[in-house]
Amino acid sequence: MKIAVVTGASSGIGRAFVLQLDADEPFDEIWAIALEEDLLGELQKEVHARIRPFAMDFCNRENLTRYGEALKAVAPDVAVLVNASGFGIFKTFEKTSLDRLFGMVDVNARTMMGMTYLTLPYMRQGGRIYNMGSGSSFQPTPYALIYGATKAFALSFSRGLNVEFRNGRRGIRVMAVCPLWVKTNFFKMAVSDKTISYFSKWVEAADVVKKALKDMRRGKDVSILGFNMQMQVLGVKLLPAGLVMKIWCKQQKQG
Ligand SMILES: NC(=O)c1ccc[n+]([C@@H]2O[C@H](COP(=O)([O-])OP(=O)(O)OC[C@H]3O[C@@H](n4cnc5c(N)ncnc54)[C@H](OP(=O)(O)O)[C@@H]3O)[C@@H](O)[C@H]2O)c1
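In this report, the structure presented in the accompanying data block is examined. (Residues numbered from 1 in each chain as written. Predicted model: local features only at pLDDT ≥ 70, side-chain atom pairs only at ≥ 80, totals over all residues. Heavy atoms only, no water.)

### Considerations on the site of the ligand
Around the ligand lies a shell of 31 residues, among which S10, S11, Y147, V182 and T184 are the nearest. Residue E36 places a main-chain N or O atom 2.8 Å away from an oxygen atom belonging to the ligand. Within the contact set of the ligand, a nitrogen atom lies 2.9 Å away from a side-chain nitrogen or oxygen of D57. Surface burial for the ligand is 92%, taken as the share of its 890 Å² of free accessible area covered by protein chains. Among the elements of the structure, helix 1 (12-24), helix 5 (145-167), strand 7 (181-182) and helix 6 (186-190) are those that each provide at least two residues to the shell around the ligand. Residue composition of the shell around the ligand, grouped by class: 18 nonpolar, 10 polar and three charged. (Near = heavy atom within 4 Å. Polar contact = N/O pair within 3.5 Å; in protein donor to acceptor, adjacent residues only side chain to side chain. Areas by Shrake-Rupley, 256 points an atom, 1.4 Å probe, with all protein chains shown as cover. Helix = DSSP H or I, 4+ residues; strand = E, 2+ residues; numbered from the N terminus. Nonpolar A, V, L, I, M, F, W, Y, C, P; charged D, E, K, R; others polar.)

Right, dumping it as structure tokens:
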């Protein structure tokens, strides 16, 4: 049974992945995972593949075990894995609760690693893994500090694993998807005050996914959408980290 597994499938970028993957190629099932099950059921009305919904809070480590057991029971051929569950909190480090900080590391980084590890035995040659990074994957982001650190993990993890697979001729490709600001529900949780108030340019989730699917076909290990974002990544590479952070803080009216 050929399947795609998508975390964060209920909204925003994860949901856009479900819709575009389904439109692009046939899957027997799409395993759609999110915190709440309600919106996952809705997906079935919009796709051809059978949706198998899973409600899993990835702050709770037992849910990865549940996922592993589901794989074992069905033994599917996982053609695509999308790690898109995640959340951010834009506040100073000290003012964010330790629980939420651990939650960000759990959902954005540890789950990405765990989902990938558990899925790999069920992936064959041609398997594709999309991991959600961000513009903050490339630089430290004070005031969105731990969020940015988890996204740096996503980029480093994806690129490194992609090389391990290439060297080992495993035939599986891994890519980090790194957009800047995407219009989604993400900001309902992330923004509660004016700590982060400057959003340079907004893009649509569907465009992020369209570019990611195209970049994967081209064999890229990072997907960056738009000229603005490409210039930002180049600037971060060329400028000293201190200056990059100074610019970020100035944009955010901090410091
Ligand atoms: N929006 C942006 O500007 C932006 C930019 C760069 C990268 N990203 C990244 O893109 C990914 C998708 O974000 P989005 O913008 O599409 O946001 P979104 O619309 O808020 O979607 C987040 C998804 O993650 C799920 N989720 C949140 N907490 C979870 C938990 N504890 N356990 C399991 N699932 C959980 C949500 O499930 P429920 O709906 O059930 O809560 C939802 O499906 C994230 O990794 C985010 O960091 C976003």
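Next comes the rest of the account.
### Things to note about the side chain of T195
Among the secondary structure elements, T195 is positioned in the loop between helix 6 and strand 8 (202-203). Among the polar contacts listed, one links the side chain of T195 to the side chain of D193, at a separation of 2.6 Å. In contact with T195, other than residues within four places in its own chain, are F90, K91, T92, Y143, Q252 and Q254. (Contact = heavy atoms within 4.5 Å.)

### A closer look at the pairing of strand 1 (residues 2-7)
The element strand 1 is largely enclosed, with a buried count of five among its six residues. Where strand 1 lies against strand 4 (residues 77-83), six bridges are found, and the strand directions are parallel. Bridging from a neighbouring strand, V5 pairs with L81 of strand 4. For strand 1 and strand 2 (residues 29-34), the ladder comprises five bridges, and the chain directions are parallel. By the bridge assignment for strand 2, T7 is matched with I33. (Buried < 20%, exposed > 50% of the residue type's maximum accessible area, 1.4 Å probe, protein only. Pairing = 2+ DSSP bridges.)

### So, the packing of aromatic side chains
For any pair of aromatic rings, the description consists of the separation of the ring centres together with the inter-plane angle of the planes. Summed over all chains, the structure comprises 14 aromatic pairs. For the ring pair W181 and F187, a centre distance of 6.0 Å and an interplane angle of 50° mean the geometry is tilted. Neither residue differs from the other here; W181 and F187 are each classed as buried. Between F186 and F187, the ring centres sit 5.0 Å apart and the planes meet at 75°, which makes this aromatic pair edge-to-face. Within the aromatic cluster, the residues linked to one another by ring pairs are F90, Y147, W181, F186, F187, F199 and W202. One cation-aromatic arrangement involves K2 over F27; the distance from NZ or CZ to the ring centre is 4.7 Å. The ring of F165 carries R170 above its face, with NZ or CZ at 5.9 Å from the centroid. (Phe/Tyr/Trp six-rings, centres within 6.5 Å; stacked < 30°, edge-to-face > 60°. Lys NZ or Arg CZ within 6 Å of the ring centre and 35° of its normal.)

The values reported here are purely geometric and, on their own, carry no functional implication.
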